[in-house]
Amino acid sequence: MAEAGDKARAGAGIPFTLGIFAMLLVAAASTALTAELFPGNRVAIWSCGLVLACVFSGLARWRLRGELRKLERAVQSLPEFDPDSASLPRMSDLADAVQALYGTSQRLQQRLGGAQADRLQLEALLDSMQDAVVAVDSAGRIQWTNQKMQRLIPGASVQSPVRVGHALVQTVRDPDVLECVRSALDERAVCERRTTTMVPGRIFEVNASPMPGGGAVAVLHDITRIEQVERAQRDFVANVSHELRTPLTSITGYVETLLDHEVLSPVAEEFLSTILKNATRMNRLTEDLLTMARVESQEAELHPMPVRADLLVCDAVEAMRGLVQDEAAELEIGEATGAEVFADADSVVQVLANLIENGVKYGRGRNAAQSRVVVSARSIAASGEGEIGFVEFSVQDFGQGIASEHLGRIFERFYRVDKARSRESGGTGLGLAIARHMVESQGGTIRAESELNLGSTFLVRLPRALIGP
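Predicted model, so just to flag it, every value in this text is computed and none were measured. Every chain is numbered on its own, with residues counted from 1 as its sequence reads. Given that the model is predicted, a residue must reach a pLDDT of at least 70 before its local features are reported, and side-chain atom pairs must reach 80 or more before they are shown or counted; all residues, however, enter totals for whole chains, interfaces and linings. Hydrogens and water are ignored here; the side-chain numbers use all heavy atoms of the structure.

Enquirer: What's the story with the overall build of the protein chain in this structure? I'm lost.
Expert: When helices and strands are tallied, the protein chain shows 15 helices and 12 strands. Here the term buried applies to any residue with accessible area under 20% of the maximum for its type, exposed to any over 50%, and partly exposed to those in between, with areas from a 1.4 Å probe on protein chains only. Per-residue burial for the protein chain yields a buried fraction of 37% across its 469 residues. Of the contacts formed within the protein chain by residues at least 6 apart in sequence, a portion of 61% connects residues at least 24 apart. To measure how exposed things are, a 1.4 Å probe is used in the Shrake-Rupley method; for residues, cover is taken only from the protein chains shown. Carbon and sulfur atoms make up 55% of the accessible area of the protein chain, which amounts to about 27,800 Å² in all. Put simply, DSSP H or I for four residues or longer makes a helix, DSSP E for two residues or longer makes a strand, and each gets a number counted from the N terminus. Contacts: residue pairs with any heavy atoms within 4.5 Å of one another.

So, in structure tokens, the structure goes:
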């Protein structure tokens, strides 16, 4: 920077403005002196002095404008600023400005170099991703794609890549991807979708997010392998469960026949009772596994329709009368609204029956002689404009309750709060998982509230049926 300042001062011994001031002062003094020496020509002499001053001022203005043009061109050349250029201002008055420009140029080059390195590093990271990434501007034109996306787009290659600036709709024909990106651009919200038509035979999970400066970025995650594995697992569970039903039914039938029609020793009778108990439990487990496989694979057809909530409660309670009598439990119906929910009646009754069964089996307090379960349904008004409200079903017991660390996991498959107690009661560990899938598949939610020694309450919330205009 010192060299740039020295170059600006070269050829100008004293500041330009001081030199101009001195020249005008000399011209004025010379004019006054000449006018005193020749009083008769005083007007002409002062006129010549004024003309001379104007000439000096014009020359100074011309020189200054030329130097300012050079300074302007130097500013426009940033950050490519050359301190050795012959077109730099040579006036010493502008030396500080030239020096500041040189320093600014150095800082800009450093920052641009760092930004370029960061950009190249980010591009390398995105290119190494297994997910396809494409960024578009606010008008839907492609700004950037990684190599994975280049390979997915038909006709694109390293030699003929996707051209930046072209509309995404001209390059990607998949309607789900386009709709997801459009939603992110228009609604400025994250959009998630699945597509099976982007590449034949492959399944992608599409996530589109708006960018702060406008535009959006879409990420396509290939879940084909995951779907294949999950489908294979479901098929395996379903096939095994189906194949186990026949031998288990035979075992159960033969054991029941022996217990009912044969005279057995106490030891043999105890062994056969144990076999029957475990065979019955395995039968229930296979049934639950088959139900779980159907629900997860969405093979179970649902027939949602408007149905009154109080009728669903009554049907569920009536379905569990036999279990209540066997367990000598109390089953009550609390508040029951007549509002209608839009849901599949059979699946809702199955969910409520499952929750009632859990309440009967695990809802007995430490000092209580029998379990007590209360089933209710209440209407919840819409919280905002455009919503239709909900109906919340509750199944409450008054047993030992569930510790808070278990509440977040009780709806997982095979998760048990008390493993020993669950086995004794014949539970399979799938009931709550099945209930959650059935409720969520109909646009509802299910959760549990509980306190130790104060019982538990399971809450199922389903959308209300639309009321006609």
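Enquirer: Help me understand the pattern of salt bridges, please; the structure alone is not making it clear to me.
Expert: Pairing is possible between side chains of opposite charge, provided their charged atoms come close. Any carboxyl oxygen of Asp or Glu that lies within 4 Å of a side-chain nitrogen of Lys or Arg is treated as forming a salt bridge with it. Counted under the stated rule, the structure contains 16 salt bridges. Aspartate 137 is paired through a salt bridge with arginine 141; the nearest N and O atoms lie 3.1 Å apart. For glutamate 179, the salt bridge goes to arginine 182, with nearest N and O atoms at 2.7 Å. Taken together, the residues span about one helical turn, with glutamate 179 and arginine 182 both in helix H7 (residues 175-187) at a distance of 3 residues. What makes arginine 182 partly exposed here is its relative accessible area of 34%. What you see here is one network of salt bridges that share partners, running through Arg378, Glu392, Arg447, Glu449 and Arg461.

Enquirer: What is the right way to look at the sheet that holds strand S3 (residues 191-195) in this model?
Expert: Within a sheet, adjacent strands bond to each other through the backbone by hydrogen bonds, running parallel or antiparallel. Whether two strands pair comes down to DSSP finding at least two bridges between them. Read from one edge to the other, the open sheet built from 5 strands follows the order S2-S1-S5-S4-S3, with strand pairing classed as antiparallel. Two strands close off the open sheet at either side, each with one partner strand: strand S2 (142-145) and S3. Adjacent strand axes in the sheet meet at a mean angle of 20° when their direction is disregarded. Bridging between strand S4 (residues 204-210) and strand S5 (residues 216-222) involves 7 bridges; their strand directions are antiparallel. Its bridge partner lying in S5, valine 206 is registered against leucine 220. Relative to the sheet, H7 contacts strand S1 (132-136), S3, S4 and S5, its axis offset from that of S3 by approximately 175°. Axis angles are defined between N-to-C directions and span 0 to 180 degrees, where every axis is a line fitted to C-alpha atoms and, for a helix, only to the segment in contact.

Enquirer: How should the pairing of strand S12 (residues 456-463) be read in this particular structure?
Expert: Sheet faces and side chains relate simply in a regular strand, where the side chains alternate between the two faces. For S12, a buried count of 7 out of 8 residues is recorded, marking the element as mostly surrounded by other parts of the structure. Of the pairings in the sheet, the one linking strand S10 (residues 390-397) to S12 comprises 7 bridges and is antiparallel in character. In the sheet register, serine 394 faces S12, and the bridge partner there is leucine 459. Taken together, the 6 bridges between strand S11 (residues 445-450) and S12 define a ladder with antiparallel strand orientation. Its bridge partner being in S12, alanine 448 is matched across the sheet by phenylalanine 458. Between S11 and the antiparallel strand that follows it, S12, lie 5 residues; asparagine 453 among them carries a positive phi value of about 70°.

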